[in-house]
Amino acid sequence: MKRKLLMIGNGMAGVRCIEEILKRNKNLFEITIIGDEPYPNYNRIMLSNVLQGKTTFDEININDWNWYIENQITLLTNEKVTKISPTEKIVETEKGKTISYDELILATGSSAFILPIPGNDLQGVIGFRTIQDTELMIDYAKKYKKAVVIGGGLLGLEAARGLIDRGMEVHVVHLLPTLMEQQLDATAAKMLKKDLEAQGMNFLMEKQTISINGTNRVEGISFSDGTSLDCDLVVMAVGIRPNISLAKEAG
């Protein structure tokens, strides 16, 4: 009888691991994968290209639905694991399912960090991490005109570029005096900023966001220097946080 291998997470790294296991021995495990998104495995790195209209969601699929069927993998999508019981070797999901395992792989990835400021739960405040985030941005660009991207790193600039391509007026808000400070020195950052400004990107440097304003949905944001800006969409690109709570709670 095959041993039961369960993987929590259906992202790039986890599924790559499963591919390697299958390559070595297809008949070793009965495999179940649980993912909290409603899609099969896709290339997250390519979401910027989808936002910019250079490619489609279908084209960024790495393993489509058929791949799971062909490899006899049970895939549970749109399902969130809420608890792991290592002694009983079972996991419980939000929808009340209980799944047992012999071997468990945690590939829970990370989530976009949302600044802990007033108004961060308003409609129109999003991270840039999933297909759903990307669809929401494309949708907003059809209805609204003004976007703010918080974070002048690579991801923030890619989001801003995509929103400009979708017809929005975009301001990039950055806490530091230079863009992409992880990758570029001050001279290169200055050249990049000049180039992006020529493409229609606006920058608010050395600005700290203290609140997002609006009744139900975003209407503007306020900064620590007393200034504010009207907008319809706020994209947070201020880094990611690893999803470690499941593992932590399971000890």
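Heads up: the structure comes first, above all this text.
The model shown is predicted, which means the values in this text are computed figures rather than measured ones.

Visitor: Help me out: how do you make sense of the sheet that holds strand E7 (residues 90-93) in this one?
Guide: Two orientations exist for strands paired in a sheet by backbone hydrogen bonds: parallel and antiparallel. Spatially, three strands are ordered E6-E7-E8 in an open sheet, and the strand pairing comes out antiparallel. With partners counted over all chains shown, the strands left at the sheet margins are strand E6 (81-85) and strand E8 (98-100), one partner each. For this sheet the average axis-to-axis angle between neighbouring strands, irrespective of direction, equals 20°. The pairing of E7 with E8 spans three bridges and is classified as antiparallel. In the sheet register, Glu 92 faces E8, and the bridge partner there is Thr 98.

Visitor: Help me understand the packing of aromatic side chains, please; the structure alone is not making it clear to me.
Guide: Aromatic rings in a pair are described by how distant their centres are and how their planes are angled relative to each other. Going through the model one piece at a time under the given rule, you end up with three aromatic pairs. Centre to centre, the rings of Tyr 39 and Tyr 42 are 6.1 Å apart; their planes meet at 90°, and the pair counts as edge-to-face. For Tyr 42, a relative accessible area of 5% gives the class buried. When the ring of Tyr 140 is compared with that of Tyr 144, the centres are 5.0 Å apart and the planes differ by 40°; the resulting orientation is tilted. Like Tyr 140, the residue Tyr 144 is buried in the burial classification. Over the face of the ring belonging to Phe 113 we find Arg 241, whose NZ or CZ atom lies 3.9 Å from the ring centre.

Visitor: I'm lost on the layout of surface pockets in this one. Help?
Guide: Left-over empty space is what a probe sized like a water molecule reveals as it rolls over the atoms. There is about 1100 Å³ of room inside the largest pocket. As for the largest pocket, its lining consists of 40 residues, and the residues nearest its centre are Asp 36, Thr 108, Ser 110, Ser 111 and Asn 243. Contributions of two or more residues to the lining of the largest pocket are made by helix H1 (12-24), strand E3 (41-42), E6, strand E10 (110-112), strand E11 (125-126), helix H4 (131-143) and helix H7 (245-249). Broken down by class, the residue content of the lining of the largest pocket amounts to 15 nonpolar, 17 polar and eight charged.

Visitor: How should the side chain of His 171 be read in this particular structure?
Guide: Of note, His 171 is situated in strand E13 (residues 169-174). The contact partners of His 171, leaving out residues within four places of it in the chain, are Ala 147, Val 148, Val 149, Asn 202, Leu 204 and Leu 229.

Visitor: What am I meant to see in a nonpolar patch on the surface here?
Guide: Residues Met 12, Ile 45 and Ile 62 make up a contiguous nonpolar surface patch of about 270 Å² in total accessible area. Here Ile 62 shows up in strand E4 (residues 61-63).

Visitor: What's the story with the environment of Asp 139 in this structure? I'm lost.
Guide: Here Asp 139 lies in helix H4. Residue classification places Asp 139 among the partly exposed residues on the basis of a relative accessible area of 31%. Taking the C-alpha atoms as reference points, Asp 139 and Arg 166, separated by 27 residues in sequence, lie 9.7 Å from one another.

Visitor: Please explain unusual backbone geometry as it appears in this structure.
Guide: With the exception of glycine, most residues fall at negative phi, and the peptide bonds are largely trans. With a phi angle near 55°, Lys 89 is a residue other than glycine that sits in the positive phi range. Tracing the sequence through the fold places Lys 89 in the loop between E6 and E7. One non-glycine residue, Glu 206, adopts positive backbone phi at about 50°. By the secondary structure assignment, Glu 206 is in the loop between strand E14 (202-205) and strand E15 (209-213). By relative accessible area, Glu 206 is classed as exposed at 56%.

Visitor: Mind showing me how you'd approach the nonpolar core here?
Guide: Considering soluble globular proteins, one finds that nonpolar side chains tend to be buried as a cluster. Formed by 33 residues in total, the largest nonpolar core has its most connected members in Val 149, Leu 163, Leu 233 and Val 235. Elements supplying a minimum of two residues to this core: helix H2 (47-51), H4, strand E12 (146-150), helix H5 (154-165), E13, E14 and strand E18 (233-236). Excluding anything up to four places from it in sequence, Val 149 contacts Gly 156, Ala 159, Ala 160, Leu 163, Val 170, His 171, Val 172, Val 173, Val 235 and Ala 237. In terms of nonpolar packing, the next biggest core, distinct from the first, is built from 15 residues, Ile 117, Val 125, Ile 150 and Met 236 among them.

Criteria and thresholds
Residues numbered from 1 in each chain as written. Predicted model: local features only at pLDDT ≥ 70, side-chain atom pairs only at ≥ 80, totals over all residues. Heavy atoms only, no water. Pairing = 2+ DSSP bridges. Helix = DSSP H or I, 4+ residues; strand = E, 2+ residues; numbered from the N terminus. Axes fitted to C-alpha atoms, helices over the stretch in contact; angles between N-to-C directions. Phe/Tyr/Trp six-rings, centres within 6.5 Å; stacked < 30°, edge-to-face > 60°. Buried < 20%, exposed > 50% of the residue type's maximum accessible area, 1.4 Å probe, protein only. Lys NZ or Arg CZ within 6 Å of the ring centre and 35° of its normal. 1 Å grid on protein atoms, 1.4 Å probe; cavity = no way out; pocket = protein on both sides within 12 Å on 5 of 7 lines; lining within 4 Å. Points joined across faces, edges and corners; volume = space filled by probe spheres on them. Nonpolar A, V, L, I, M, F, W, Y, C, P; charged D, E, K, R; others polar. Contact = heavy atoms within 4.5 Å. Patch = residues over 30% accessible without salt bridge, like charges linked within 9 Å, V, L, I, M, F, W, Y side chains within 5 Å. Areas by Shrake-Rupley, 256 points an atom, 1.4 Å probe, with all protein chains shown as cover. Salt bridge = Lys/Arg side-chain N within 4 Å of Asp/Glu carboxyl O. Core = buried A, V, L, I, M, F, W, Y, C linked by side-chain atoms within 4.5 Å.

So yeah, pure geometry; function would need other evidence.
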